[in-house]
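Coordinate inspection notes
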Amino acid sequence: MTEYLISGETSYVPEDGLTATQLLNNGDGLTYNDFLILPGFIDFSADQVDMTSALTKKISLKTPMVSSPMDTVTESDMAIGIALLGGMGFIHANCTPEKQASYVRRVKRYEQGFIQNPVTLGPKNTVEDVKLLKTQYGFSGIPITEDGLSNGRLVGLVSSRDFDFLPCKDKGVLLEKVMTPLSELIFADTSVTLAEANATLSKSKKGKLPIVDKDGNLVSLIARTDLKKNRNFPLASKDDHKQLLCGAAISTHEEDRHRLSLLVDAGVDAVILDSSQGNSIYQIEMVKYIKQTYQDLQVIGGNVVTAAQAKNLIDAGVDGLRVGMGSGSICITQEVMAVGRPQATAVYKVAEYARRFGVPVIADGGIQNVGHITKALALGATTVMMGSLLAATSESPGEYFYSDGVRLKKYRGMGSIDAMENRASQARYFGEKDKVRVAQGVSGSVQDKGSIHTFIPYLVSGLQHGCQDIGAKSLSQLRSMMYTGELRLEKRTASAQVEGGVHGLHSFEKPHV
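One structure accompanies this document, and this report is about it. (Residues numbered from 1 in each chain as written. Predicted model: local features only at pLDDT ≥ 70, side-chain atom pairs only at ≥ 80, totals over all residues. Heavy atoms only, no water.)

1. Considering the overall build of the chain
Within the chain, the secondary structure is distributed over 17 helices and 22 strands. Out of the 513 residues belonging to the chain, those deemed buried represent 51%. Long-range contacts, defined here as pairs at least 24 residues apart, represent 66% of the contacts in the chain between residues at least 6 apart. In the form shown here, the chain has an accessible surface area of approximately 24100 Å², with 51% of it arising from carbon and sulfur atoms. (Helix = DSSP H or I, 4+ residues; strand = E, 2+ residues; numbered from the N terminus. Buried < 20%, exposed > 50% of the residue type's maximum accessible area, 1.4 Å probe, protein only. Contact = heavy atoms within 4.5 Å. Areas by Shrake-Rupley, 256 points an atom, 1.4 Å probe, with all protein chains shown as cover.)

2. Describing the nonpolar core
By size, the foremost hydrophobic cluster in this structure holds 96 residues, and its most contacted members are Leu321, Ile373 and Ile456. Those residues in contact with Ile373, other than ones at most four positions away along the chain, are Met65, Ile367, Val384, Met386, Leu389, Leu459 and Leu463. (Core = buried A, V, L, I, M, F, W, Y, C linked by side-chain atoms within 4.5 Å.)

3. Some remarks on the packing of aromatic side chains
Applying the stated rule across the entire model yields 2 aromatic pairs. Look at Tyr353 and Phe357: their rings are 5.0 Å apart centre to centre, the planes differ by 55 degrees, and that puts the pair in the tilted class. The exposure class of Phe357 is partly exposed, given its relative accessible area of 42%. The ring of Tyr289 carries the charged tip of Arg257 above its face, separated from the ring centre by 3.9 Å. The ring of Phe35 carries Lys375 above its face, with NZ or CZ at 5.1 Å from the centroid. (Phe/Tyr/Trp six-rings, centres within 6.5 Å; stacked < 30°, edge-to-face > 60°. Lys NZ or Arg CZ within 6 Å of the ring centre and 35° of its normal.)

4. Describing the sheet that holds strand E14 (residues 270-273)
Paired through backbone hydrogen bonds, the strands of a sheet run either parallel or antiparallel to each other. Taken in spatial order, the 8 strands of this closed barrel run E4-E5-E13-E14-E15-E16-E17-E18, and their pairing is parallel. Taken pair by pair, the neighbouring strands of this sheet meet at an average axis angle of 25 degrees, ignoring direction. Summarising the sheet, strand E17 (residues 361-364) and strand E18 (residues 383-386) pair through 3 bridges and their orientation is parallel. Note on E18: the bridge partner recorded for Ala363 is Val384. Lying over the sheet, helix H9 (residues 281-293) contacts strand E13 (247-250), E14 and strand E15 (298-304), oriented at roughly 170 degrees with respect to E15. (Pairing = 2+ DSSP bridges. Axes fitted to C-alpha atoms, helices over the stretch in contact; angles between N-to-C directions.)

5. A few points about the pairing of E17
On E17, burial covers both faces: Val361 and Ala363 on one face and Ile362 and Asp364 on the other are all buried. For strand E16 (residues 320-323) and E17, the ladder comprises 3 bridges, and the chain directions are parallel. In the sheet register, Arg322 faces E17, and the bridge partner there is Ile362. One crossover worth recording links E17 to the parallel E18 by way of helix H13 (residues 370-378), and it is right-handed. (Right-handed = clockwise from strand over helix to strand, strands pointing away.)

6. Focus on the environment of Val155
Considering the arrangement of structural elements, one finds Val155 in strand E8 (residues 154-158). Spatially, the C-alpha atoms of Val155 and Pro181 are 6.1 Å apart, while their sequence positions differ by 26 residues. Apart from the residues within four sequence positions on either side, Val155 is in contact with Pro123, Ile144, Thr145, Glu146, Met179, Thr180, Pro181 and Leu182.

7. Looking at the packing of helix H2 (residues 76-84) against helix H3 (residues 97-108)
Viewed as axis vectors pointing N to C, H2 and H3 meet at an angle of 30 degrees, and their least axial separation amounts to 9 Å. On the basis of their axis angle, the class for H2 and H3 is roughly parallel. Handedness of the H2/H3 crossing: right-handed. Judged by residue contacts, Ser76, Asp77, Ala79 and Ile80 of H2 engage Tyr103, Arg106 and Val107 from H3. (Parallel < 35°, antiparallel > 145°, perpendicular 65-115°, else oblique. Left-handed = near helix turned anticlockwise from the far one by under 90°.)

8. Some remarks on the pattern of salt bridges
Counted by the stated rule, this structure contains 15 salt bridges. With a closest N to O distance of 3.0 Å, Lys491 and Asp28 form a salt bridge. With Lys491 in strand E22 (residues 489-491) and Asp28 in the loop between helix H1 (20-24) and strand E1 (35-37), this pair connects stretches of sequence that are 463 residues apart. Here Lys491 falls in the partly exposed class, since its relative accessible area comes to 43%. With a shortest N-O distance of 2.3 Å, Glu352 and Arg356 are connected by a salt bridge. One network of salt bridges, with partners in common, ties together Lys108, Asp239 and Asp269. (Salt bridge = Lys/Arg side-chain N within 4 Å of Asp/Glu carboxyl O.)

9. Brief notes about H9
Here H9 contains 13 residues, and its C-alpha end-to-end distance of 18 Å stays within 8% of the 18 Å for a straight helix at 1.5 Å per residue. Along its buried surface, H9 packs onto E13, helix H8 (256-266), E14, E15 and helix H10 (307-316). (Expected span 1.5 Å × (residues − 1).)

10. Here we look at the packing of H2 against helix H15 (residues 452-470)
For any two helices packed against each other, one specifies the crossing angle of their axes together with the interaxial distance. It is the contact of H2 with H15, at a shortest axis distance of 10 Å, that shows an interaxial angle of 45 degrees. Looking at the two axes, H2 sits oblique to H15. Crossing angle aside, the handedness with which H2 passes H15 is right-handed. Counting all contacts with H2, which are made through Met78, Gly81, Ile82 and Leu84, the residues of H15 involved are Ile452, His453 and Ile456. For the contact of H2 with H15, the per-class residue count stands at 5 nonpolar, 2 polar and no charged. (Nonpolar A, V, L, I, M, F, W, Y, C, P; charged D, E, K, R; others polar.)

So yeah, pure geometry; function would need other evidence.
Here's what the structure looks like:
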């Protein structure tokens, strides 16, 4: 039989698989499950893969994952948790503008370097006031100034240890009776650097280090807890003031300009214009208004699934695009409205166009597992947005409940009848004036996944191993390989998808992490 073998050197390697252009430009709409990426050459370890990627023109993340602005996914706890892990959370708008701004403010105050305009009280405030602030912001170490203002003359500092053992009946005690006076405080002047201030705080073993000017007026504050957080979360997403990054959703309606103003005052870093179909005159006008009024605020437009949709928003001035229409697990837009696009095709088409203008793309929807994250990023997305994948984590809103012995949390689409009881959610689907509501989403429940502090690292590790198998040492290299044709893809038949999953077993258990 050896006469049928070709002998010689191995310099010849037949071309295998398809380029992204060949696979995704043939008229078929493909989902993440419809194709696989062929393996490449490994010459590095998985933990060497650089996950840094752009969210917008001016914001980059060390973990390319963001949480969806849904009322069963992202409030302040989720936004804080995912930002500490290198991603970013977007607070939902299915609440009052004041409530949404308070969520953003809580995230921005969570971890900071020099805390500008710190929360302060006056000597005549009471212990009860401190307890209320602790409930609102999650901390109780509060500077006391002469007039109670954040730039007033520092006279002391109060923390929970000053009143922990006070009887409940004494909650009306004035802070001047329980606070640590200025004479017993460690503080620094405005010439101190952040490194010097951190060293002083570490050496003093105090919880807070006030920074005062030559007249004794409070200028800023440094917290000991921030030192610990910096050590525990080296990937944390922060702005120039060392505050955690936080985004929020708004609608395209005129009244949401007030909501936007409150969010900017709270320190929001980016806003998503939350619409199921972003190619509208309403969104274009809102983008232009934001870019004219708040030049430094990053604006993410969408949702879009075609280059034509993307063009109008790019021309309007968006800093990022959100891609997906009807691909989410709780979304029925494609079924009800007969419009949309399979997500793999949508991500590739929009990303291939948007990259020409330096506009990053968020793949929003259809992410069911870590393999889908790898595929979305390989098709040109710079980040992925997750809803159902993060729902039912400890940090998502809502209470756990049990059904048939399984621990669950409620999860609903923002186009569901449940969510549209709130006007803000109706606005996303252009339905607030409709007499008959047409649902574009459903309500359901998802199984408990534990804390994102274990779940996100699992996703990151899986993504790094996927890139290693492909032969990409960074996400930038992964996208470059796709656009140059070095990355090879292959379409999967229905039977290939069955073969690629668990099969042939009598029973099995598939863990979440």
